[in-house]
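Residue-level listing of the chains:
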Amino acid sequence: MENRNGWIVRSTAGHDRDTLYCVVGLDASGRMLLANGKRRRLAAPKGKQHKHVEVLDRGSFTHPAIGKLQQQLPVSDRELRTALAAFKEGITLG
């Protein structure tokens, strides 16, 4: 199965519609585990079905925090918030 850690998605359904998230894993039923470092922290990611999210980036966005997630290294909530803010602004960091 493809590693989805580090993908950036937008919620398309539910009370959190239009919220940016980063995929931090998959649960046993195959739902994406999403976190944004603010309302949904890495310690308690949100589970969401694939049909309820729009994939905006499949890992091509370069940011140190995204790179850590792809390598399954520990990331802080602050780093994740910074990465999502940079993605939202269209800034890529090496």
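Look above for the structure.
It should be emphasised that the depicted structure is a prediction, and the values quoted were computed from it without experimental measurement.

Enquirer: Got a minute to help me understand the nonpolar core in this structure?
Expert: Most often, soluble globular proteins have nonpolar side chains that are buried together. Judged by nonpolar contacts, the single largest core of 13 residues is most densely connected at I8, C22, F61, I66, L69, L80 and L84. Of all elements in the fold, only β2 (20–26), α1 (64–70) and α2 (77–89) reach the threshold of two or more residues within this core. Broken down by element, the residue count for this core peaks at four residues, all from α2. If near-sequence neighbours (up to four positions away) are discounted, L69 is found in contact with N5, G6, C22, V23, V24, V75 and L80.

Enquirer: Where do I start with a positive patch on the surface in this structure?
Expert: On the surface, a cluster of positive charge is made up of K38, R39, R78 and R81. Its place among the elements puts R78 in helix α2. Look at R78 and you get exposed, because its relative accessible area is 62%.

Enquirer: What is the right way to read the packing of aromatic side chains from this model?
Expert: This model, assessed by the stated rule, comprises one aromatic pair. Ring geometry for F61 and F87: centres 5.2 Å apart, planes at 85°, overall edge-to-face. With F61 in the loop between β5 (53–57) and α1 and F87 in helix α2, the pair connects residues that are 26 residues apart, well separated along the chain.

Enquirer: Teacher, can you tell me more about the pattern of salt bridges here?
Expert: Opposite charge on two side chains permits them to pair, given that their charged atoms come into close proximity. The tally for this structure, following the rule as stated, stands at five salt bridges. Between R10 and E54 there is a salt bridge, with the nearest N and O atoms lying 3.0 Å from each other. Placement of R10 in strand β1 (residues 8–11) and of E54 in strand β5 is noted, with a sequence separation of 44 residues between them. Across the pair D16 and K48 runs a salt bridge, and its minimum N-O distance is 3.2 Å. Highlighted residues: D16 in the loop between β1 and β2 and K48 in strand β4 (residues 46–48), separated in sequence by 32 residues. Across this residue pair, the class does not change: D16 and K48 are buried.

Enquirer: I'm lost on the layout of surface pockets in this one. Help?
Expert: One water molecule sets the probe size; rolling that probe over the atoms shows where empty space is left. The volume enclosed by the largest pocket comes to roughly 240 Å³. Considering the residues around the largest pocket, the lining is formed by R10, D18, T19, L20, N36, K38, R81, L84, A85, F87 and K88. Broken down by element, the lining of the largest pocket gets its largest block of residues, five residues, from α2. Here the residues of the lining of the largest pocket are counted per class, giving four nonpolar, two polar and five charged.

Reading the values: rules and limits
- Residues numbered from 1 in each chain as written.
- Predicted model: local features only at pLDDT ≥ 70, side-chain atom pairs only at ≥ 80, totals over all residues.
- Heavy atoms only, no water.
- Core = buried A, V, L, I, M, F, W, Y, C linked by side-chain atoms within 4.5 Å.
- Buried < 20%, exposed > 50% of the residue type's maximum accessible area, 1.4 Å probe, protein only.
- Helix = DSSP H or I, 4+ residues; strand = E, 2+ residues; numbered from the N terminus.
- Contact = heavy atoms within 4.5 Å.
- Patch = residues over 30% accessible without salt bridge, like charges linked within 9 Å, V, L, I, M, F, W, Y side chains within 5 Å.
- Areas by Shrake-Rupley, 256 points an atom, 1.4 Å probe, with all protein chains shown as cover.
- Salt bridge = Lys/Arg side-chain N within 4 Å of Asp/Glu carboxyl O.
- Lys, Arg positive; Asp, Glu negative; His and termini not counted.
- Charge placed at Lys NZ, Arg CZ, Asp CG, Glu CD.
- Phe/Tyr/Trp six-rings, centres within 6.5 Å; stacked < 30°, edge-to-face > 60°.
- 1 Å grid on protein atoms, 1.4 Å probe; cavity = no way out; pocket = protein on both sides within 12 Å on 5 of 7 lines; lining within 4 Å.
- Points joined across faces, edges and corners; volume = space filled by probe spheres on them.
- Nonpolar A, V, L, I, M, F, W, Y, C, P; charged D, E, K, R; others polar.

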